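For reference, the chains in residue letters:
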Amino acid sequence: MRRVNSIAYLEALFAVIVWGGTFIATKLALQEASPSTLVWLRFGMGVLILGATVALRRQVALPSRAEWGYFALVGFIGVTFHQWLQATGLQTAAATTTAWIVATIPVFTALLGWLFLKERLTFLRIFGIGLAALGVLLIVSKGDLVALAAGNFGAAGDFLILISALNWAVFSILSRRGLERHPAARMMFYVMALGWLFASAWLFGFGPGWSEIPHLTLNGWGNILILGIFGSGLAYIAWYDALQVIPAGQLGAFIYVEPLVTMVMATFLLGEAVTAVSILGGAATIVGVYLVNR
C-alpha cells in the first residue's frame, strides 16, 4: 500500500509541475500562433492520448443520450471557453501572475459550493478567502492597491485569467455529477473531445483556420507538443490516477506547488522579475487557499 501511495504522490507532483510549466509554454507558443490555433492543436493531441488511455484500460462506453448535452456543456466551459480565456489572457498577463491567480480556484469553488450547494463556510474559510483575494490584488497591482481602487486592474490579461479561475470553479462543480457515473479518464475524454469540436468550429469558422500552422517553427511545435502531450494528456491522466488513491483534501495541497514552479521557470525562461510584493502576495494567496481547503 505504501508503494502504491508513493506512486500516486509522484503522479500528482508530475501533474502540477507540468501544469506549472504550461503557462511558460503557452506564453512562448503565442509568439507564433493565435489562441484559437493553440487551443485546437493542444487539445487535439490531448483527445488522442486520453482516447488511447481509455481504450487500453478497457473503459470504452458511450454516454447515454441524456448525457451528451451535459458533456457538451462541460466540454465548452472546461476546454473551449476556459482555454481561450487563459491563452488570450497570457498575451498580456505575466506567466507568474497567471499562475498565482489560477491558484485561487479552490476559493471560487468554495464560494460556489456555498451559494449553490449549500456547503458550509466557516469563519476560518471566510478569512482564507479574504486573505487569498488580498494576495492576488497585491500581485496584479504590483503592490499599488490605490490604483486598483481607482479602477486600474493590472494588465488586461489579468482580468481574463481571473474570469478563467471562476470559470474553472464552475467546471469543477458541474463535473461532480459526471464523475459519480464514469471513470475519470473516460469522462475527461468525452469532455475534451466535445470541447475540441467547439474549438474546431471556432478556429475554422471565425479564426485563422489552417493559415498559421504551416509557419510554425521547431520551437513553436516544441511548445505546442509540451502543451498537448504533457499538459492536456499525461498530466490529466496522472492527476486523476492520484485522485483515486489520495483523498481530495490531501491532493489539493499539491496546488501550492504549481505557481512556485511557474515563478521559477518564468524567471529563467521569460526573464520575469521576482519582487518582494509578488512573494508577499503569493504567500498570502497560498495561506488563504490552504485555509479554504482545510
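Worth saying up front: this structure is predicted, and the values here are computed from it rather than measured.

### Describing the packing of helix α2 (residues 35-56) against helix α9 (residues 184-205)
- Where α2 meets α9, the axes come as close as 8 Å, and the angle between the chain directions of the two elements is 150°. When the axis of α2 is compared with that of α9, the two are roughly antiparallel. Between α2 and α9 lies a crossing of left-handed hand. On the side of α2, the interface is formed by S36, T37, V39, W40, F43, G44, G46, V47, L50, G51 and V54, while α9 contributes A185, R186, M188, F189, M192, A193, W196, A199, S200, W202, L203 and F204.
- The class makeup of the residues in the contact of α2 with α9 is 16 nonpolar, 6 polar and 1 charged.

### Notes on the pattern of salt bridges
- All chains considered together, the criterion is met by 3 salt bridges.
- One salt bridge in this structure joins D241 and R57, with 2.8 Å as the shortest N-O distance. Of the two residues, D241 sits in helix α10 (residues 218-243) while R57 sits in the loop between α2 and α3 (65-89), which places them 184 residues apart along the sequence.
- E119 serves as the salt-bridge partner of R176, at 2.9 Å between the closest nitrogen and oxygen.

### Details of helix α8 (residues 156-179)
- Taking 1.5 Å of rise per residue, 24 residues should cover 34 Å, and α8 covers 35 Å from first to last C-alpha, within 8% of that figure.
- Of the residues making up α8, those classed as buried are G157, D158, I161, S164, A165, N167, W168, A169, F171, I173, S175 and G178.
- Where α8 is buried, its residues touch α3, α4 (95-102), α5 (105-116), α6 (123-141), α9 and α10.

### Observations regarding the layout of surface pockets
- Quantified by volume, the largest pocket comes out at close to 1,200 Å³.
- Lining the largest pocket are 42 residues, and of these I105, W168, S172, W239 and I255 lie nearest its centre.
- Per-element accounting of the lining of the largest pocket gives the leading share, 6 residues, to α8.
- By volume, the second largest pocket is sized at about 270 Å³.
- Lining the second largest pocket are 18 residues; nearest its centre among them are A94, T97, K142, A273 and S278.
- Among the secondary structure elements, those contributing two or more residues to the lining of the second largest pocket are α4, α12 (257-269) and α13 (276-293).
- The biggest single contributor to the lining of the second largest pocket is α12, with 3 residues.
- Per-class residue counts for the lining of the second largest pocket are 9 nonpolar, 6 polar and 3 charged.

### Some points on unusual backbone geometry
- Notably, R58 is not glycine yet its phi reads approximately 55°, a positive angle.
- For R58, the location among the structural elements is in the loop between α2 and α3.
- Although it is not a glycine, K142 adopts a positive phi angle of roughly 55°.
- Topologically, K142 is positioned in the loop between α6 and α7 (145-149).
- Of the residues examined, K142 reaches a relative accessible area of 68% and is grouped as exposed.

### What to know about a nonpolar patch on the surface
- Residues F14, L225, I226, I229, F230 and L234 make up a contiguous nonpolar surface patch of roughly 440 Å² in combined accessible area.
- Among the elements that take part in the nonpolar patch, α10 stands out by supplying 5 residues, more than any other.
- Following the sequence through the fold, L225 ends up in helix α10.
- What makes L225 partly exposed here is its relative accessible area of 37%.

### Things to note about the packing of aromatic side chains
- Applying the stated criterion across every chain yields a total of 15 aromatic pairs.
- Note on W19 and Y236: the rings are 5.5 Å apart at their centroids and 70° apart in plane angle, and the pair reads as edge-to-face. Taken as a pair, W19 in helix α1 (residues 2-29) and Y236 in helix α10 lie far apart in primary sequence, 217 residues in all.
- Of the residues examined, Y236 reaches a relative accessible area of 8% and is grouped as buried.
- Between F76 and F198, the ring centres sit 5.7 Å apart and the planes meet at 85°, which makes this aromatic pair edge-to-face. One end of the pair, F76, is in helix α3; the other, F198, is in helix α9, with 122 residues separating them in the sequence.
- Every member of this aromatic cluster is reached through a ring pair, and the members are W68, Y70, F71, F189 and Y190.

### Notes on the packing of α4 against α8
- In the contact formed by α4 and α8, the axes pass within 9 Å of each other and the chain directions differ by 30°. Comparing their axes, α8 and α4 come out roughly parallel. Of the two elements, α4 crosses α8, and the hand of that crossing is right-handed. Mapping the contact onto sequence places T97, T98, I101 and V102 in α4 and D158, I161, L162 and A165 in α8.

Rules of the game
- Residues numbered from 1 in each chain as written.
- Predicted model: local features only at pLDDT ≥ 70, side-chain atom pairs only at ≥ 80, totals over all residues.
- Heavy atoms only, no water.
- Axes fitted to C-alpha atoms, helices over the stretch in contact; angles between N-to-C directions.
- Helix = DSSP H or I, 4+ residues; strand = E, 2+ residues; numbered from the N terminus.
- Parallel < 35°, antiparallel > 145°, perpendicular 65-115°, else oblique.
- Left-handed = near helix turned anticlockwise from the far one by under 90°.
- Contact = heavy atoms within 4.5 Å.
- Nonpolar A, V, L, I, M, F, W, Y, C, P; charged D, E, K, R; others polar.
- Salt bridge = Lys/Arg side-chain N within 4 Å of Asp/Glu carboxyl O.
- Expected span 1.5 Å × (residues − 1).
- Buried < 20%, exposed > 50% of the residue type's maximum accessible area, 1.4 Å probe, protein only.
- 1 Å grid on protein atoms, 1.4 Å probe; cavity = no way out; pocket = protein on both sides within 12 Å on 5 of 7 lines; lining within 4 Å.
- Points joined across faces, edges and corners; volume = space filled by probe spheres on them.
- Patch = residues over 30% accessible without salt bridge, like charges linked within 9 Å, V, L, I, M, F, W, Y side chains within 5 Å.
- Areas by Shrake-Rupley, 256 points an atom, 1.4 Å probe, with all protein chains shown as cover.
- Phe/Tyr/Trp six-rings, centres within 6.5 Å; stacked < 30°, edge-to-face > 60°.

Everything listed here is a matter of geometry and, on its own, says nothing about what the molecule does.
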